[in-house]
Amino acid sequence: LAAAGGCGQVVATTTVGFGSPPVMSIQPPLDTGVCKNNNITITAIATGSPTPSVQWQESTDNGATWNDLPGESNTSLTLVNVGTNMNGRKYRAIFTNLCGTVTSSITTLAVGAPINIGNVPPASVSGCDGFGTVSFTADANGGNGTVYMSWQYSADGAATWIDIPGTTTTSLIGNFSTTYTFTPTIGQNGYLFRAKFANGGCDASFSNAATLTVLQTPTVVIDPMANQTVCNGVSTNQV
């Protein structure tokens, strides 16, 4: 905007700018896990004009109340030396400029602890091809919060391990066990099986491996002869 000017007058010019409210461009993850005594970084980014400021918040009561984290005004929040007491805490970022405010999605933090393999490793078993069932059992202890248990098999002598779908169970107690029961087939003869225990962001722990031996189901290869009629006291033909 400019005022009309003439001889001896001062012309003033004003530039009018238009801003835009913050809009989330990168949301933080809904859930994230870390092993205790480690660091973890959560990132959220919003665009807008002028560039919005950032304030990270934490909730220790499942989102009922939120508190500003002092000094946490960057797009990335780094939690240092995370303890198991922080398991379940929630985090979010507030972006603000002259045109408005936007709140990021909420990240729930899962803090895990290492899992100790127990004293009951899975035992090697034998089963029949396509008949009956076999079972492997393993136990462990430790962890923190939800512990995920599942099973794996190896068909090449433990060079590679493959997760078995549908075998995942969970536990919230400090001592836990898992059992895998199935009907074996002859193609699984010699396979190795082991249990996998995972907790938060900690490295998974594995039980010892057990071997499956699959036996052939008996089949008749020579049928008996046809029915025989013999006299009293006379021997039959060989059956």
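Computed from a prediction, not measured in an experiment: that's the story for all the values here.

Explain the environment of P165 here, please?
Within the fold, P165 resides in the loop between β15 (162–163) and β16 (169–171). Exposure remark for P165: the relative accessible area of 74% places this residue in the exposed category. Linking P165 and S150, residues 15 residues apart in sequence, is a C-alpha distance of 8.5 Å.

What's the story with the sheet that holds strand β13 (residues 134–142) in this structure? I'm lost.
Strand order in the open sheet formed by three strands is β11-β13-β17, with antiparallel pairing between adjacent strands. Bordering the open sheet on either side are β11 (115–117) and β17 (175–182), each of which pairs with just one other strand. Taken over all neighbouring pairs, the strand axes of this sheet differ in orientation by 30° on average, direction set aside. As paired elements, β11 and β13 share three bridges and run antiparallel to each other. The residue bridging N116 from the neighbouring strand is N141, located in β13.

For this particular structure, what's the right way to read the side chain of T32?
Within the element layout of this structure, T32 appears in strand β2 (residues 31–35). On the basis of relative accessible area, T32 is assigned to the buried category, the value being 18%. In this structure, T32 is in contact with I40, T107, T108, L109 and A110, ignoring residues within four places of it in sequence.

Would you explain the pattern of salt bridges in this entry?
A side chain with one charge may pair with a side chain of the opposite charge, provided their charged atoms come close. For the structure on display, the rule yields one salt bridge. Between R89 and E58 there is a salt bridge, with its nearest N and O atoms 3.2 Å apart. A residue pair is termed long-range when its members are at least 10 positions apart, and R89 in the loop between β7 (76–79) and β8 (90–97) and E58 in strand β5 (residues 53–59) qualify at 31 residues. Taking the relative accessible area as the measure of exposure, E58 reaches 14% and is therefore buried.

Could you clarify how one ought to interpret the layout of surface pockets in this entry?
Where empty space is left can be seen by rolling a probe of water-molecule size over the atoms. What the largest pocket holds in volume is close to 230 Å³. Lining the largest pocket we find 16 residues, and of these N87, A110, T146, Y148 and G200 sit closest to its centre. Considering each element in turn, the lining of the largest pocket owes the most residues, five residues, to strand β10 (residues 107–112). Each residue belonging to the lining of the largest pocket can be placed in one class, and the counts come to five nonpolar, 10 polar and one charged.

The rules behind these values
Residues numbered from 1 in each chain as written. Predicted model: local features only at pLDDT ≥ 70, side-chain atom pairs only at ≥ 80, totals over all residues. Heavy atoms only, no water. Helix = DSSP H or I, 4+ residues; strand = E, 2+ residues; numbered from the N terminus. Buried < 20%, exposed > 50% of the residue type's maximum accessible area, 1.4 Å probe, protein only. Pairing = 2+ DSSP bridges. Axes fitted to C-alpha atoms, helices over the stretch in contact; angles between N-to-C directions. Contact = heavy atoms within 4.5 Å. Salt bridge = Lys/Arg side-chain N within 4 Å of Asp/Glu carboxyl O. 1 Å grid on protein atoms, 1.4 Å probe; cavity = no way out; pocket = protein on both sides within 12 Å on 5 of 7 lines; lining within 4 Å. Points joined across faces, edges and corners; volume = space filled by probe spheres on them. Nonpolar A, V, L, I, M, F, W, Y, C, P; charged D, E, K, R; others polar.

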